[in-house]
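Secondary and tertiary structure notes
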Amino acid sequence: MKTIIEPFRIKTTEPIKIISREEREAALKAAEFNVFLLKAEDCCIDLLTDSGTGAMSTKQWAAMMLGDESYAGSKSWINFEKTVKTITGFNHILPTHQGRAAESILASTLIKKGDIIPNNSHFDTTRANIEFSGGIAMNLLCDEGLETAKIASFKGNMDIEKLDRCIREYSVDRIPFCMITVTNNTGGGQPVSMENIRNVKKQLNQYGIPLLIDCCRFAENAFFIHEREPGYADRSLLEIAQEMFSYADGATMSCKKDGLANIGGFLACNSDEWEEQFRNLLIMREGFPTYGGLAGRDLEAIAVGLMEALEIDYQIYRHATMEYLASRLIKRGIPIVQPSGGHAVFIDAAKFLPHVDPLRYPGIGIVNQLYLEGGVRGVELGTVMFGTTDEKGRETASPLELVRLAFPRRVYTQSHVDYLIEVIETVWKSRNSIPGYRITYQQKYLRHFTCHFEMVE
Ligand code: F0G
């Protein structure tokens, strides 16, 4: 059959409601026009993030009942460690309560002031942790990753020439490690090819610089390699993931994504020296090294979830959801990042609202209008999230102005997506009257979570 179906049926439901337009207007105003400050129950289709928002399987819930809550050496930890080692092959696994905790330990131990950390694209928390430790987060994405309408298989690849130039310009001792993010969340959820990971590693080896993978969406990346890269169609997603990790010296992970869990993360590495440094901080900040801020039941749910994320039927269905939405938006002429990402569809806000200056945040204009029209919550990935501000308060726009519609895993059905398409189309038709915004309050790091906006007429 041509129709791709959800490879599961629904056993538990959670009610959602659509509140009235007047109620949404009042809610958005009370939230200072920042959708992060809305109540979740006031959002009918919540695509703010795919992080920690997925539905767990019956096997995961059953595993949770087996959670061993011993402080040290629990059975759940042993299951977790075994699974992560099977997938990644790393010698040392340190559990953390989520991805940014792993990033924080990594940055606090290995980065000194003025160090450079290259990546294809750093995500917001990664960049914030690096900067907080005095480092400089450098994005070395391939050029086609910035061309939203260009169709190419691996637009998340790192530009090897840019990497080489970066290493020559800043001397090796200022680069304690390099990262690569799979898939590239910041740039449209685009995948990184195996060839690129291999070449990045080869390049770094010449200088003795270690490679870490930010592997939040490693299973989605493995699926893209399976589908698009010659030589991988007959390999299992587990084998592909294992090969990806074989080129790295360590990884940071948020199990809230491809761990199919609601909380959790890990930091992993091969080096004994790094492990000792990481462990020192882990115990202080997260907990004993066999639970790292997680309950035994969380470790169990993650151990099952990581393997479920590598099931081909699950990935086929997940990808079909993105394709279904993307193809219908393209048909309506709505500008999106092409091809669709692994976890989200990204609207190109700069093309959608060409009349709104980047420093008036076109992405926020669209996000707020999606909420007002249909109670849909998306998120801006543009100048508010990734722009930079110098000491004099002068702002530089992000190279991409995107609105991300991120799909919680195994949560929404096709009719939810049909409703979403109708909402986006309505916003598209009214695009000429959508205003820009200005920020009236912001904090220094990760301002997008808490800042306040007002409309600029
Ligand atoms: N790295 C990437 C690529 C991410 O997408 C995220 C989280 C993190 C690290 C941090 O993980 O949230 O567990 O601390 N991204 C979420 C998002 C929040 O909405 O994309 P965390």
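To be clear, the structure that these remarks concern was listed above.
Residues numbered from 1 in each chain as written. Predicted model: local features only at pLDDT ≥ 70, side-chain atom pairs only at ≥ 80, totals over all residues. Heavy atoms only, no water.

1. Details of the overall build of the protein chain
Put simply, the rule reads: Numbering of helices and strands runs from the N terminus, with a helix taken as a DSSP run of H or I at least four residues long and a strand as a DSSP run of E at least two residues long. C-alpha atoms define the radius of gyration in this analysis, and the globule rule sets the expected value at 2.2 Å times the number of residues to the power 0.38. Any residue under 20% of the maximum accessible area for its type is buried, any over 50% is exposed, and the rest in between are partly exposed; the area is computed with a 1.4 Å probe on protein chains only. It only takes one pair of heavy atoms within 4.5 Å for two residues to be counted as in contact. Method for areas: the Shrake-Rupley scheme with a 1.4 Å probe, in which residue coverage is limited to the protein chains shown.
Looking only at helices and strands, the protein chain features 16 helices and 16 strands. Compactness check: the protein chain gives a C-alpha radius of gyration of 21 Å against a globular reference of 23 Å for 457 residues, within 12% of the reference. When the 457 residues of the protein chain are sorted by exposure, 59% land in the buried category. Within the protein chain, residue pairs in contact and separated by at least 24 positions form 73% of the contacts whose partners lie at least 6 positions apart. Of the roughly 19,300 Å² of accessible surface on the protein chain, 51% is carried by carbon and sulfur atoms.

2. What to know about the sheet that holds strand β14 (residues 402-406)
Note the following rule: Strands pair, by our definition, only if DSSP identifies at least two bridges between them. Lines fitted to the C-alpha atoms define the axes, with helices restricted to the stretch that makes contact. Angles between their N-to-C directions range from 0 to 180 degrees.
With respect to topology, three strands assemble into an open sheet ordered β9-β14-β11, the strand pairing being antiparallel. Edge positions in the open sheet fall to β9 (344-348) and β11 (379-381), since each of these has one partner strand only. Here the strands of the sheet are splayed against their neighbours by 35° on average, with no regard to which way each runs. As judged from the five bridges shared by β9 and β14, these two strands associate in the antiparallel manner. Note on β14: the bridge partner recorded for V345 is L405. Here helix α14 (residues 362-374) sits on the sheet and contacts β9, β11 and β14; the angle it forms with β14, its principal contact strand, is near 40°.

3. Comments concerning the pattern of salt bridges
Stated precisely, the cut-off is as follows: What counts as a salt bridge is simple: a side-chain nitrogen of Lys or Arg found within 4 Å of a carboxyl oxygen of Asp or Glu.
Evaluated as defined, the whole model comprises 27 salt bridges. Residues R409 and D50 are paired through a salt bridge, measuring 2.9 Å at the closest nitrogen-oxygen approach. Pair noted here: R409 is in the loop between β14 and α16 (414-429) and D50 is in the loop between β1 (45-46) and α2 (58-65), with a separation of 359 residues, a long-range link. Like D50, R409 is buried. A salt bridge links E220 to R318; the nearest nitrogen and oxygen atoms lie 2.7 Å apart. Of this pair, E220 sits in helix α8 (residues 218-228) while R318 sits in helix α12 (residues 312-331), and the two are 98 residues apart along the sequence. Classification of R318 by relative accessible area gives buried; the value is 3%. Taken together, the shared-partner salt bridges connect D50, R217, E220, D258, R318 and R409 into one network.

4. A few points about the site of the ligand
Let me state the cut-off plainly: Residues are classed as near a molecule or strand on a simple rule: at least one heavy atom within 4 Å of it. Here a polar contact is recorded for every N or O atom pair within 3.5 Å, except that within protein the pair must consist of a potential hydrogen donor and a potential acceptor, and residues adjacent in sequence are included only if both atoms are side-chain atoms. Side-chain classes are defined by residue name, with Ala, Val, Leu, Ile, Met, Phe, Trp, Tyr, Cys and Pro counting as nonpolar, Asp, Glu, Lys and Arg as charged, and the others, Gly among them, as polar.
Taken together, 17 residues lie near the ligand, and T49, R100, D214, S254 and K257 sit nearest. Contact distances for the ligand include 2.7 Å between an oxygen atom and a side-chain N or O atom of T49. Against a free-state accessible area of 460 Å², the protein chains account for coverage of 94% of the ligand. The leading source of residues in the shell around the ligand is helix α4 (residues 99-110), at three residues. The residue makeup of the shell around the ligand, split by class, is two nonpolar, eight polar and seven charged.

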